[in-house]
Structures are given as structure tokens and as C-alpha cells.
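Architecture and fold: a report
The primary structure of each chain is shown beneath.
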Amino acid sequence: MLSKLLRGSALLAFLLTATMVSAAEPDANHFRAKQILGTKILIQGNKTSIGTVDDIVFDDAGNLEYLIVENNGKLSTVPWDAAKFDVEKKSAVLGITMEQYTAIPTYTTKTYPTFYAPAYRTETYKYYGLTPRDLRTFKRR
């Protein structure tokens, strides 16, 4: 009985300490939309700017899927996982070359793609050397 009480107390103390430590440290895995919108997008290596985040696209379950990057009126789709953010500098770096980036198709606000068409998702992720994750669906009642 005393052993269970001591183990329970130790576990409680650990959980309280872990909670206080995590509350003191900012969580780098969470962003707010206003921290992302307007972020400058750079190409790895020479850090050339290719535009800014104009919009964000969520899947049916509410997961952030894409960034829409605007550059001189042209838009391109960037998978969320392709960008490495530095929120303090309001910038993100893509791990691709400029040659790879120029091969990515662009569109305008009048010709938005069908973001969740299987072929579009596969092709878009492929440009960035990524594989799309399985889509999660959320059925609303």
C-alpha cells in the first residue's frame, strides 16, 4: 500500500514538473495563421526569395495541407511539410533548388487547382521530394 502511494506521488510530481517545464518553453511545432500569412519563402542554399505566403489550405479534417505562395501575381502550391519556418524572422526555407522551383506549375486566383485530386496531390508533393500522407476525413453531421 505504501509502495503504491509512493509511486503515485512520484508520478504526480513528475507530471507536474513536466507540465511546468513545457509551459515555460515555447512549442516550436505550433503556429498561428497570422504568423504564417505574409511569411517570405526562400530557396535553400542561396536563400533567394520566391514569394510570400498568401493563403493556407486545410484538408477536410482541419489539418494544414498546403501553403499558397504568391509571386508577382502567380501562385504556387507548397506542401506544409516542405517548408522549414523561422517565425522570428518571418521566413521559411524550401529544400529545393531554383531549377526545381521553376518547374513547378503556377496558377492565378481565377484558375485554382483541385487541391485534393489524387494526381494533383501526388505531383505537387513530388516536386518537393515528398510523399503525401493519407488524407483523414471528418464527416460532419
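Sequence order sets the numbering: in each chain, residues are counted from 1 along the sequence as written. Whole-chain, interface and lining totals are the exception, using all residues; otherwise, since this is a predicted model, local features are given only for residues with pLDDT of at least 70 and side-chain atom pairs are given and counted only at 80 or more. Working from all heavy atoms in the structure, the side-chain values ignore hydrogens and water.

As a further point, take the nonpolar core. Throughout, nonpolar core names a set of buried Ala, Val, Leu, Ile, Met, Phe, Trp, Tyr and Cys residues whose side chains join them through atoms within 4.5 Å. Buried, partly exposed and exposed residues are distinguished by accessible area as a fraction of the type maximum, computed with a 1.4 Å probe on protein chains only: under 20%, between the cut-offs, and over 50%, respectively. Judged by nonpolar contacts, the single largest core of 19 residues is most densely connected at L67 and L94. Numbering goes from the N terminus for both helices and strands, where a helix is a DSSP run of H or I of at least four residues and a strand is a run of E of at least two. Breaking this core down by element, the ones donating at least two residues are β1 (40–43), β2 (49–58), β3 (64–71), β5 (83–86) and β6 (91–94). The greatest single-element share of this core, amounting to 3 residues, is contributed by β2. Any two residues whose heavy atoms approach within 4.5 Å at even a single point are treated as in contact. Setting aside residues no more than four positions away along its own chain, L94 makes contact with I41, L42, I43, Q44, I50, V78, A82, A83 and Y128. Grouped together as the second largest cluster of nonpolar side chains are 7 residues, I68, Y107, F115 and Y125 included.

Within strand β4 (residues 74–79), 5 of the 6 residues are buried, leaving the element largely enclosed by the surrounding structure. At least two DSSP bridges between two strands are needed for those strands to be called paired. The pairing of β3 with β4 spans 6 bridges and is classified as antiparallel. Within β4, the residue paired with E70 across the bridge is L75.

Burial of β6 is two-sided: the residues S91 and V93 facing one way and the residues A92 and L94 facing the other way are all buried. Here 4 bridges tie β5 to β6, and the two strands are oriented antiparallel to one another. Bridge pairing in β6 links F85 to A92. Counting the residues in the hairpin turn of β5 and β6 gives 4 residues, including K90, whose phi is positive at 50°.

Let's shift gears to the confidence of the model for the protein. If pLDDT is low for a region, its predicted coordinates should not be looked at in detail. Think of pLDDT as the predictor's per-residue confidence, scored from 0 to 100. Predicted confidence across the protein gives a mean pLDDT of 79, with 74% of residues reaching 70 or more. Here helix α1 (residues 2–24) stands out as the element of the protein with the lowest mean pLDDT, 42, in contrast to β4, whose mean of 96 is the highest. Segment residues 4–26: pLDDT under 50, and 0 contacts once partners within four positions in sequence are set aside and those in other chains are kept.

For the rest of this paragraph, the subject is helix α4 (residues 118–127). When α4 is considered as a whole, its buried residues turn out to be R121, T124 and Y125. Viewed along the axis of α4, the buried residues span an arc of 95°, placing them on a single side of the element. Looking at α4, the residues exposed on the side facing more than 90 degrees away from the buried face are A119 and K126. Each element contacted by the buried residues of α4 is listed here: β3 and β4. What the arc describes is the spread of directions from the helix axis to the C-beta atoms.

The next thing to look at is the sheet that holds β6. Judged by pairing direction, the sheet is mixed, and its 6 strands sit side by side in the order β4-β3-β2-β1-β6-β5 without closing on themselves. Of all the strands in the sheet, just β4 and β5 have a single pairing partner and so form its edges. Neighbour to neighbour, the strand axes of the sheet diverge by 35° on average, direction disregarded. Of the strand pairs in this sheet, β2 and β3 are connected by 6 bridges, and their pairing is antiparallel. Structural elements are reduced to axes, namely lines fitted to C-alpha atoms, with helices fitted over the stretch in contact, and the angle between N-to-C directions of any two is expressed from 0 to 180 degrees.

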